[in-house]
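Observations on chain architecture
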Amino acid sequence: MPKPRKRLAGAAGPAGPDNKGPAGKRTKTKNPAGASATMGNSSPEKTSASKDSGKNLSNYWLMKSEPESRLEKGVDVKFSIEDLKAQPKQTACWDGVRNYQARNFLRAMKLEQEAFFYHSNCKEPGIAGLVKIVKEAYPDHTQFEKNNPHYDPSSKEDNPKWSMVDVQFVRMMKRYITLAELKTHYQAHKTTGGPLKNMALFTRQRLSVQPLTPEEFNFILSLEEKEPS
DNA sequence: GCCAACGTTGGC
DNA sequence: GCCAACGTTGGC
């Protein structure tokens with residue numbers, strides 16, 4: 001079976017037929033070796049379970065991907081939620097993430113956790129649907145592929161720098177939740193103390209893989225039932 | 001296509 | 001270790 005690839009903004013690759021591909025994604029950054037510095041806090045790389053001091057069971061995520069064609073080193077990095085649905089088993093590997101903070105979030109993901117599939121860098125950015133983690137972090141093979149747009153010559157096979165997870169389509173949102181709508185709530189919540197007051201989409205602008213609190217996740221799901229504001 | 005935000009690189 | 005230059009992300 002082919003492996004799907006996707007790209008996300010910062011992350012994944014293209015959706016190719018199968019493998020081959022180059023994936024494209026944008027976030028590539030090269031980094032120093034140990035740089036895990038920017039991570040959120042201090043967790044440099046804890047690979048395993050993460051800090052669970054208790055609340056790690058309910059983690060939710062938001063993952064960005066570009067639904068419109070864009071070439072990166074000659075490779076189309078487009079990967080929309082429709083592209084994910086078209087993959088075998090509606091499953092794809094989220095390759096191409098080249099940012100330490102985003103990578104560390106990938107490594108913290110656990111089986112069956114849910115993530116919003118966010119469409120970025122497009123006409124109408126927003127949340128298109130829900131996916132779930134069906135394979136926990138493992139080495140991103142595209143870092144070793146010379147003609148992949150996210151090739152990282154500094155990464156060694158015996159100590160891979162970048163990771164990816166597999167995600168499976170769960171469902172489309174009942175209606176598309178636009179960035180503009182989310183922003184309206186975010187701004188209101190900053191003053192009222194509402195659930196989106198610290199949403200990473202606005203406070204960590206360029207992060208392609210980001211965590212959501214249960215409150216953020218549930219509030220966004222509740223928007224599906226309402227009229228777009 | 002522009003450009004603000006912000007992460008990375010590399011000189012010193 | 002500081003910080004200016006540079007590159008990327010991604011909204012608009």
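Residues numbered from 1 in each chain as written. Chains lettered and ligands numbered in written order. Predicted model: local features only at pLDDT ≥ 70, side-chain atom pairs only at ≥ 80, totals over all residues. Heavy atoms only, no water.

As for the UniProt feature "domain: EVE" (unreviewed entry) in chain A
Formally: UniProt positions are given in the numbering used here, feature names are shortened, and annotations may be inferred rather than shown by experiment. Here a strand is any run of E in DSSP of at least two residues, a helix any run of H or I of at least four, and the numbering for each starts at the N terminus.
The feature "domain: EVE" (unreviewed entry), as annotated in UniProt, sits at residues 59-222 in this numbering. Helix makes up 25% of residues 59-222 and strand 34%. Its end C-alpha atoms lie 17 Å apart.

So, the packing of helix H3 (residues 179-192) against helix H5 (residues 214-223)
Rules: For helices, the fitted axis covers only the stretch in contact; all axes are lines through C-alpha atoms, and the angles between them, taken along N-to-C directions, range from 0 to 180 degrees. For classification, angles of less than 35 degrees are called roughly parallel, those exceeding 145 degrees roughly antiparallel, those between 65 and 115 degrees roughly perpendicular, and all remaining angles oblique. Should the near helix be turned anticlockwise from the far one by less than a right angle, the crossing is left-handed, and should it be turned clockwise, the crossing is right-handed. Contact criterion: two residues are considered in contact whenever any of their non-hydrogen atoms come within 4.5 Å of each other. Only Asp, Glu, Lys and Arg are considered charged, only Ala, Val, Leu, Ile, Met, Phe, Trp, Tyr, Cys and Pro nonpolar, and every remaining residue, Gly among them, polar.
Between H3 and H5, whose axes approach to 12 Å, the crossing angle comes to 130°. In this view, H3 runs oblique relative to H5, as classed from their interaxial angle. Seen along the crossing, H3 lies across H5 with a hand that is right-handed. Contacts between H3 and H5 involve Glu181, Leu182, His185 and His189 from the first element and Phe219, Ile220 and Leu223 from the second. Broken down by class, the residue content of the contact of H3 with H5 amounts to four nonpolar, two polar and one charged.

Some remarks on the pattern of salt bridges
We apply this condition: Any carboxyl oxygen of Asp or Glu that lies within 4 Å of a side-chain nitrogen of Lys or Arg is treated as forming a salt bridge with it. The buried label applies to any residue whose accessible area, calculated with a 1.4 Å probe on protein chains only, is under 20% of its type's maximum; exposed applies above 50%, and partly exposed to all values in between.
In this structure the tally under the stated criterion is 11 salt bridges. Glutamate 82 is the salt-bridge partner of lysine 85, the closest N and O atoms lying 3.9 Å from each other. Residue lysine 85 and its partner glutamate 82 are located together in helix H1 (residues 81-85), separated by three residues, close to a single helical turn. For lysine 85, a relative accessible area of 29% gives the class partly exposed. Each of Glu66, Arg70 and Glu72 takes part in one network of salt bridges that share partners.

Considering the environment of alanine 86
Looking at the element boundaries, alanine 86 is found in the loop between H1 and strand E5 (91-95). A relative accessible area of 63% means that alanine 86 is categorised as exposed.

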